Amino acid sequence: MTANQMSGRRCAGLTFLLLTALLLAIVVASGMGYLEISPSEVLQVLVAQFNDGAGLDNMNQSFPFVVMEVRLPRILTSAIVGGALAVVGVIFQAILLNPLADPYTLGISSGAAFGASLALLLNLTLLSVVSVPLFAFLGALATLAAVIYLASVDGRFASNTLILSGVIVAAILSAGIGFIKYMADEQVGVIIFWLMGSFAAKNWSDVGVTLAISLVGLMVAFFYARDLNIMSLGPRAAESLGVDCVRMRKILLVTGSLVTAVCVSVSGIIGFVGLIIPHLMRMVVGPDNRRLIPTSFLAGAILMLSADTVTRAVLPAEVPIGVLTALLGGPFFCYIFRSRLGERYV
Amino acid sequence: MSAMSDALFDVRNVSFSYGEKDVLRDINLTFSPKKFYGLIGPNGSGKTTLLDLLIGNLEPASGSLSYKGRKISGYPRRELARELSLVPQDFSIQFSYTVLDVVLMGRHPYIPRFGTPSSHDLEVAQMAMAAIGIKGFENRFVTELSGGEKQRVVAARALAQETPVLILDEATSNLDICHTLEIFQVVQQRVRQKGDTVIAAIHDLNLAAAYCDEIIFLQEGRVFSAGLAEDVLTEKNIREVFGVENRVYYDEFSCHHQITFLYAAK
């Protein structure tokens, strides 16, 4: 099977290419902004971290601080969140047999946002004792359960019904978020800006949390990658091939919700990344989840990092990243939806 | 008693219900190896549910169900997947896998979690595709195939699973007569030559009469009649269960019984 081997080698090459592009993007983006720093100076700063700060004497003394404490945490957080959301998209699409499924279209992002807004509201009134990520996770899980319950008959659900119930639940949740905003009164700005999605003012602990959870998600997804391929035959056939669909579904849906919740609690609602990236990568590497998962993570990271750099350093004023991805991703969603309709009725 | 211990499947007092609705009631059956079994009955008589129970996708509400003397629920899934394969009736795939990818999925129970298909796996997949008449389809996308072509890909995938028991759930309902016969011939060959066992839910009674050694006739979740094809497929049984006036006669050209349907008598 030369065709398979060829595309296998090509896929390894592509993965390497994406990884290189990501590292390059991180270095270049670290230099971009109000204070311009050349890529070589960024590298000097990075190398100096492992070298007790040696070799930085003939450089602007604020560069190391700007790179290490201001830009890099934000850049890494955006890259990790982008990659993680793309992988969650892959997981949801495979497990629900629907190429239009992602945390955003299923309403899970809204659920996490509702939970997080509630936590923010409580924090405004009750001091900061409520954990935003925990509330986001509970909101995400409850929403997932509600969406699946709405869509299923006798434990089975049709995939388009699932998107519909996702939309319905998300609509209710956004009304709920509106109510929370109303309750927040004068402090409403905190919630609104956070909801629109932003990577501004991220620190190294944000990087650590998102990285840890994303790695867990990535490993769980990769562990089940081949089972997810089999799953595309439908649950009945997959079970007859030895895949424990019920268990796998539970584990992956919970994992996906957890990753989504952490992403949302760090950066607000950022939609459509989980939809666009897997779709694009599927066109390049094919539907095999063993290839789709790592390449989607890298591509998602590059996309989000680039988008965030554009809004941070290129645009005259910072546009919330969630607004930017929705403006770009929404029309793309329409395009996929439309072309799939075409396939079905032609 | 020796016949009992030879049984492949042993179904004892099995019942099953979806919520309030009883789908199967007190089923008692034994399936012996090296036979072609046909499962017939009107829509909603419980054929698919019985097949799902046999393959371990469902667990009986009561009663016991064993395969080779061991409870089906006691088998690890992968081990069961090397014993039983299923050709389902409906197949809608959303992602553009190639035909070869899908047929190779039949080798899933033999490939370690992080492994890739061996040359033997590829060989088995190629042979299955040749047997089912889809050689040359390897690199076509399943999303671009017609319903009938998809159905044959699914059948090839089940053949590639190389299980001693093959379960077909109205596997040929989308196929034209030539491809239907092709699949039945391939499957019958597996019974005659390799000693496999086939259990097939079949809508077309003449197809059942032509290929099955034994027939299980279900009516409203109960076994109405079971035994040799010519004993079960009688004018009286068909009239009583399907409510169709009919004639059954021996056909000299095909050398098996033939049913002619006259009119719905209900």
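Since the model is a prediction, treat every value here as computed from it, not as a measurement.

Colleague: Now, about the packing of helix α12 (residues 273-285) of chain A against helix α13 (residues 289-314) of chain A: what can you tell me, with residues and values included?
Modeller: All names here are of chain A. Where α12 meets α13, the closest approach of the two axes is 9 Å, and the angle between their N-to-C directions is 125°. Taken together, the axes of α12 and α13 lie oblique to each other. Where α12 crosses over α13, the two elements pack in a sense that is right-handed. On α13, the residues touching Val 273, Ile 277, Pro 278, Met 281, Arg 282 and Val 285 of α12 are Arg 291, Leu 292, Thr 295, Ser 296, Ala 299, Gly 300, Leu 303 and Met 304. Looking at the contact of α12 with α13 residue by residue, the classes come out as nine nonpolar, three polar and two charged.

Colleague: Kindly report on the packing of helix α2 (residues 39-49) of chain A against helix α3 (residues 63-95) of chain A, identifying the contributing residues and their values.
Modeller: Residue and element names in this part refer to chain A. At a minimum axis separation of 10 Å, α2 and α3 run at an interaxial angle of 85°. Between α2 and α3, the angle falls in the class roughly perpendicular. Taken together, the residues of α3 that come into contact with α2 (itself represented by Glu 41, Val 42, Val 45, Leu 46 and Gln 49) are Phe 63, Pro 64, Val 67, Met 68 and Leu 72. Residue composition of the contact of α2 with α3, by class: eight nonpolar, one polar and one charged.

Colleague: So, the confidence of the model for chain A: which residues are in play, and what are the values?
Modeller: Here chain A averages 85 in pLDDT, while 93% of its residues score no lower than 70. Overall, residues 1-6 of chain A carries pLDDT values under 50, and its contacts beyond four positions in sequence, including any with other chains, amount to seven contacts.

Colleague: How would you summarise the packing of aromatic side chains if you had to cite specific residues and measurements?
Modeller: Residue and element names in this part refer to chain B. Overall, the coordinates contain 15 aromatic pairs over all chains when judged by the stated rule. Measuring from centroid to centroid gives 5.7 Å for Phe 217 and Phe 242, while their planes differ by 35°, and the two rings are tilted. Linking Phe 217 in strand β9 (residues 214-219) with Phe 242 in helix α10 (residues 235-242), this pair joins segments that are 25 residues apart in sequence. With a relative accessible area of 22%, Phe 242 lands in the partly exposed category. Taking the ring centre of Tyr 110 as reference, the NZ or CZ of Arg 107 above it sits at 4.2 Å. For the cation-ring pair, Arg 140 lies above Phe 137, with the distance from its terminal atom to the ring centre recorded as 4.7 Å.

Colleague: Talk me through the interface of chain A and chain B; I want residue IDs and the actual numbers.
Modeller: Taken together, the 31 residues of chain A in the interface contact 38 residues of chain B. Buried area between chain A and chain B, summed over both chains or domains, comes out near 3000 Å², and the portion from carbon and sulfur atoms is 54%. Per-residue buried area on chain A facing chain B is highest for Arg 226, Arg 236 and Leu 241 of chain A; these three make up 26% of the total on that side. There are five salt bridges connecting chain A and chain B. Between Arg 77 of chain B and Glu 239 of chain A there is a salt bridge, with the nearest N and O atoms lying 3.7 Å from each other. For the interface between chain A and chain B, the tally reads 13 residue pairs in polar contact (both at pLDDT 80 or more).

Colleague: Describe the pairing of strand β7 (residues 165-169) of chain B, and please don't skip the residues or the numbers.
Modeller: Looking along a regular strand, one sees the side chains alternate between the two faces of the sheet. Residue and element names in this part refer to chain B. The element β7 is largely enclosed, with a buried count of five among its five residues. A two-sided burial pattern is seen for β7, the buried positions comprising Val 165, Ile 167 and Asp 169 on one face and Leu 166 and Leu 168 on the other. Bridge count for strand β6 (residues 84-87) against β7 is four bridges, and the pairing is parallel. In the sheet register, Ser 85 faces β7, and the bridge partner there is Leu 166. In the sheet, β7 pairs with strand β8 (residues 197-201) via five bridges, with the strands oriented parallel. Its bridge partner being in β8, Ile 167 is matched across the sheet by Ile 199.

Colleague: Residues and numbers for the sheet that holds strand β5 (residues 70-71) of chain B, please.
Modeller: All names here are of chain B. Pairing is antiparallel in the open sheet, where four strands are placed in the order β2-β1-β4-β5. In this open sheet, the two edge strands, each paired with only one partner strand, are β2 (21-31) and β5. As paired strands, strand β1 (residues 9-18) and strand β4 (residues 62-67) are joined by five bridges and run antiparallel to one another. Within β4, the residue paired with Asp 10 across the bridge is Ser 66.

Colleague: Tell me about unusual backbone geometry, and name the residues and values.
Modeller: Residues and elements named next belong to chain B. Phi angles above zero are rare outside glycine, and Asp 26 is one such case at about 50°. With respect to the secondary-structure elements, Asp 26 resides in strand β2. One non-glycine residue, Glu 220, lies in positive phi territory at about 45°.

Colleague: For the side chain of Thr 143 of chain A, give the residues involved together with the corresponding values.
Modeller: All names here are of chain A. Within the fold, Thr 143 resides in helix α5 (residues 132-151). From its side chain, Thr 143 meets the backbone oxygen of Gly 139 in a polar contact 2.6 Å long. Residues in contact with Thr 143, not counting those within four places in the same chain, are Gly 107, Ile 108, Gly 111, Val 169 and Leu 173.

The rules behind each value
Residues numbered from 1 in each chain as written. Chains lettered and ligands numbered in written order. Predicted model: local features only at pLDDT ≥ 70, side-chain atom pairs only at ≥ 80, totals over all residues. Heavy atoms only, no water. Axes fitted to C-alpha atoms, helices over the stretch in contact; angles between N-to-C directions. Helix = DSSP H or I, 4+ residues; strand = E, 2+ residues; numbered from the N terminus. Parallel < 35°, antiparallel > 145°, perpendicular 65-115°, else oblique. Left-handed = near helix turned anticlockwise from the far one by under 90°. Contact = heavy atoms within 4.5 Å. Nonpolar A, V, L, I, M, F, W, Y, C, P; charged D, E, K, R; others polar. pLDDT = per-residue confidence, 0-100. Phe/Tyr/Trp six-rings, centres within 6.5 Å; stacked < 30°, edge-to-face > 60°. Buried < 20%, exposed > 50% of the residue type's maximum accessible area, 1.4 Å probe, protein only. Lys NZ or Arg CZ within 6 Å of the ring centre and 35° of its normal. Buried area = accessible area lost by both parts, 1.4 Å probe. Salt bridge = Lys/Arg side-chain N within 4 Å of Asp/Glu carboxyl O. Polar contact = N/O pair within 3.5 Å; in protein donor to acceptor, adjacent residues only side chain to side chain. Pairing = 2+ DSSP bridges.

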